[in-house]
Amino acid sequence: MASNSTKSFLADAGYGEQELDANSALMELDKGLRSGKLGEQCEAVVRFPRLFQKYPFPILINSAFLKLADVFRVGMLGSLASIIPERKNAHHSIRQSLDSHDNVEVEAAVFAAANFSAQSKDFAVGICNKISEMIQGLATPVDLKLKLIPILQHMHHDAILASSARQLLQQLVTSYPSTKMVIVSLHTFTLLAASSLVDTPKQIQLLLQYLKNDPRKAVKRLAIQDLKLLANKTPHTWSRENIQALCECALQIPYDSLKLGMLSVLSTLSGTIAIKNYFSIAPGNVSSSPRSSDLVKLAQECCYHNNRGIAAHGVRVLTNITVSCQEKDLLALEQDAVFGLESLLVLCSQDDSPGAQATLKIALNCMVKLAKGRPHLSQSVVETLLTQLHSAQDAARILMCHCLAAIAMQLPVLGDGMLGDLMELYKVIGRSATDKQQELLVSLATVIFVASQKALSAEVKAVIKQQLESVSNGWTVYRIARQASRMGNHDMARELYQSLLTQVASEHFYFWLNSLKEFSHAEQCLTGLQEENYSSALSCIAESLKFYHKGIASLTAASTPLNPLSFQCEFVKLRIDLLQAFSQLICTCNSLKTSPPPAIATTIAMTLGNDLQRCGRISNQMKQSMEEFRSLASRYGDLYQASFDADSATLRNVELQQQSCLLISHAIEALILDPESASFQEYGSTAAAHADSEYERRMMSVYNHVLEEVESLNRKYTPVSYMHTACLCNAIIALLKVPLSFQRYFFQKLQSTSIKLALSPSPRNPAEPIAVQNNQQLALKVEGVVQHGSKPGLFRKIQSVCLNVSSTLQSKSGQDYKIPIDNMTNEMHQRVEPHNDYFSTQFLLNFAILGTHNITVESSVRDANGVVWKTGPRTTIFVKSLEDPYSQQIRLQQQQAQQPLQQQQQRNAYTRF
């Protein structure tokens, strides 16, 4: 029967064999529009164009559009809530539509009311009583009540409004015990509590009460879902009693699906401050030992459960307890966590299913966390991973390699121990060209680079090359080369880039690979640096600069208008300038030997009152070097601010380069230029234990060593001696001996954000100025759109856009008048928040001086943490300030009145003569 009705509907719409007149077809389509099924409504909408083609009569088309407008009118209004949230006529229209007798209009009004309540406090306050009356009214159908209740989740704009909505929801939960009503009311209850942040503890208790006492599975699942939401959003509001109640429910529940949900909530809480609150010693409690708690008992029971998800959450809870609790006698818990992880690893590494891989990721994350929090357990964790690598599936091997790399980054001492096993495994994989095998090659190579820490041995390089030669996948080779560049293995990277030069078809790709090859070669030249050998250091830096200049030429050729490679070019230019500054500083230090101070240097210093002049010409050279390094530090800071889309590791790399420049400038000042006022408090020793990479760890170690040496010399010797210059040269060599890391953003842009500005008024021709009278102000409207790539907000999101408008006088016309300084320039700043990636604002600019003015509009962004990023763009327009007609007329009249007087004065002068 259903098929017959569908056939009749399609036939009546003009797509079947049956032919109807225009009115009958329109009535059938109208019936479809008013159907309660969304599919039939959509189908009716898409049939209208065919109806217009078949019956192109004005009366029918007008009637059809009116019917479509009825369907979309209020619903479209709801979609506009974010644009017109405070439009009073829209508020009034929604209130009226809620009282309509047309079901379609009422449903659209409910949708609009929900959207406007979320955006407008005034609308929420005004509509709350109306919604309450409809929900409590006996004439309101139950289906409509179920649609009206979720609107109450948006009543969080103030405490009074939230309290009234909460009271109503409490009545509904009590008065309507049906499953649907309880589920909708409880969920709305939770969303309101999560938004208002006032009654969250009460909501947690209510959900736990339903979880414990309500026998319906659907209600229990909803309670677990909402508890998970509150655990993620407000873990600090969970008390010890709440967690204990949840543990008791999980221990007693016989259903695995519900136990899995409860453990998911507990595993989320175990990684937050709530776990410390749970084990803290409360007043009146004798002991809160982790070993004797129900939470630990539950986790231990679940570690070996036949359900992988339950076992994963159990292991995660044990791991978080082991890492976060500071007690010494946690040996039993540590062993339980390690054994549970090992069993889960063995179970999931043999299975290629998505569920097994998801569980394996949880286990591997726990291993990394356990190795970091309990370093004495890291050796056994690594041995387990290496043993299981040989028998695991390829998909699991890739994840395990990522885990090994993360552990080796945190604990470099484990790298040498795992290198042998990794090389043995590398020799036997990669025989096929499947995607998993290629991915495994890259992952294993990455772990080998991390484990090697320093330069790769010839044997390791030979094994990697031999495997790559048997695999004809250039993309795999490029990815391994890219990882080598990131880990500082530049000799390996150079050889791999060289092998790829003849395998690309694009000229831009060729220049890109060639530039990477040259940069790797340049960094490889710096590996020959030796302490105390300054002439060799100069030659190594000169050799490195030669290859860097070749590389920057290729990099420029590789750029295109769509991919300008601006970050890469600027980063390399800064590296070149930094190497040149290092070379110049070493030469300056050597000049103390080649050109020592003259015999009268002391007399000159006493005469000038500058004690530093007794050191001769080296003092001025050192001052120039210090200013050069400070300038480089400022440029690195500008690059940092311009890299809004960069990942955190890349930004940290740029920051380390900036700190290197500041370190050398501080060393010059403390040792030579101003040793008495030099302070070492702000450069206090920074612990390298929390470094996220080996490169950062080594750089921080160099910083601390250099600061100790500088402070020691600063206290013992007066400047300038050979010991001071040797300290500076050794600091440069120590910095350059750490292989530079080319981070991800140099190769790959995971987040893309750009701003496009439009100014009005704007001239037809960009070179033409906009005419404006000097007694009027120009209203400059700035509109903009934030454009994103495929992963918006991956690293950081735009909270507001900062607009800076300035004007400068390009050319002056007319006479010079005395104009107040405030009227000569325009300098304005505004901050606007984008709405759906769109923003607009206006500036009033004054151009009192006649002539051509240059207006520059520059944008920058502010992220959620309050950090300002100079993303651009920078837009320029020209304005020509003209004299207003009234002032021009008065000026002309004054000139005409002055002409006879001037002529009379000239005649009088001639007469006297």
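What you see is a predicted model, and the numbers here were worked out from it, not measured in a lab. (Residues numbered from 1 in each chain as written. Predicted model: local features only at pLDDT ≥ 70, side-chain atom pairs only at ≥ 80, totals over all residues. Heavy atoms only, no water.)

A. Representation of the packing of helix H29 (residues 566–594) against helix H31 (residues 618–642) within the structure. Interhelical geometry of H29 versus H31 gives an angle of 165 degrees and a closest axis separation of 10 Å. Regarding the angle of H29 to H31, the classification is roughly antiparallel. Crossing handedness for the pair H29 and H31: left-handed. Tallied by class, residues from the contact of H29 with H31 come to 15 nonpolar, four polar and five charged. (Axes fitted to C-alpha atoms, helices over the stretch in contact; angles between N-to-C directions. Helix = DSSP H or I, 4+ residues; strand = E, 2+ residues; numbered from the N terminus. Parallel < 35°, antiparallel > 145°, perpendicular 65-115°, else oblique. Left-handed = near helix turned anticlockwise from the far one by under 90°. Nonpolar A, V, L, I, M, F, W, Y, C, P; charged D, E, K, R; others polar.)

B. Seen up close, the packing of aromatic side chains. If you walk through the whole model with that rule in mind, you get 20 aromatic pairs. Residues Tyr510 and Phe511 carry aromatic rings whose centres are separated by 5.7 Å and whose planes lie at 70 degrees to one another, so their mutual orientation is edge-to-face. On the basis of relative accessibility, which here comes to 37%, the residue Tyr510 falls in the partly exposed class. Its guanidinium or amino end placed over the ring of Tyr255, Lys217 lies 3.9 Å from that ring's centre, counting from NZ or CZ. The cationic tip of Arg240 hangs over the ring face of Tyr278; the distance from NZ or CZ to the ring centre is 4.8 Å. (Phe/Tyr/Trp six-rings, centres within 6.5 Å; stacked < 30°, edge-to-face > 60°. Buried < 20%, exposed > 50% of the residue type's maximum accessible area, 1.4 Å probe, protein only. Lys NZ or Arg CZ within 6 Å of the ring centre and 35° of its normal.)

C. Here's a closer look at unusual backbone geometry. Residue Pro761 is reached from Ser760 by a cis peptide bond, and omega for that bond is 5 degrees. Locating Pro761 in the fold gives a position in the loop between strand E1 (753–760) and strand E2 (770–773). Here the amide bond leading from Gly872 into Pro873 is cis, since omega sits at 5 degrees, within 30 degrees of zero. The phi dihedral of Asn836 is positive, around 55 degrees, even though this residue is not glycine. Tracing the sequence through the fold places Asn836 in the loop between strand E5 (826–832) and strand E6 (838–846).

D. Broad picture of helix H34 (residues 722–737). Taking 1.5 Å of rise per residue, 16 residues should cover 22 Å, and H34 covers 22 Å from first to last C-alpha, within 8% of that figure. In terms of residue burial, H34 counts as a mostly covered element, since 12 of its 16 residues are buried. Turning to H34, its buried residues number three or more, namely His724, Thr725, Cys727, Leu728, Cys729, Asn730, Ala731, Ile732, Ile733, Ala734, Leu735 and Leu736. Contacts made by the buried residues of H34 are with helix H28 (534–558), H29, H31, helix H32 (648–673) and helix H33 (694–716). (Expected span 1.5 Å × (residues − 1). Contact = heavy atoms within 4.5 Å.)

E. The sheet that holds E6, seen in detail. The antiparallel open sheet is built from three strands, whose spatial order is E1-E3-E6. The open sheet terminates on both sides in strands that have one partner only, identified here as E1 and E6. The average undirected angle you get between the axes of adjacent strands in this sheet is 25 degrees. The pairing of E1 with strand E3 (residues 777–788) spans eight bridges and is antiparallel. Pairing of Ser754 across the sheet is with Gln787, part of E3. (Pairing = 2+ DSSP bridges.)

F. View of the pattern of salt bridges. Scanning the entire structure with this criterion turns up 27 salt bridges. Note that Lys121 and Asp158 form a salt bridge whose closest N and O atoms lie 3.8 Å from each other. Within this pair, whereas Lys121 is found in helix H7 (residues 121–136), its partner Asp158 is found in the loop between helix H8 (142–148) and helix H9 (159–175), the two being separated by 37 residues in sequence. Lys121 sits in the partly exposed class, given a relative accessible area of 41%. (Salt bridge = Lys/Arg side-chain N within 4 Å of Asp/Glu carboxyl O.)

G. Local environment of the packing of helix H20 (residues 378–389) against helix H21 (residues 394–410). At a closest axis distance of 10 Å, the pairing of H20 and H21 adopts a crossing angle of 155 degrees. Viewed along their axes, H20 and H21 adopt a mutual orientation that is roughly antiparallel. Between H20 and H21 the crossing geometry is left-handed. Mapping the contact onto sequence places Val381, Val382, Leu385, Leu386, Gln388 and Leu389 in H20 and Arg397, Met400, Cys401, Cys403, Leu404 and Ile407 in H21.

H. Here's a closer look at helix H17 (residues 308–324). Given a rise of 1.5 Å per residue, 17 residues ought to cover 24 Å, and the 24 Å separating the end C-alpha atoms of H17 matches this to within 8%. Of all 17 residues that make up H17, 13 are buried, and the element is covered over most of its length. Two or three places before Gly309, at the start of H17, stands the capping residue Asn307, its side-chain oxygen 2.9 Å from that residue's backbone nitrogen. (Polar contact = N/O pair within 3.5 Å; in protein donor to acceptor, adjacent residues only side chain to side chain.)

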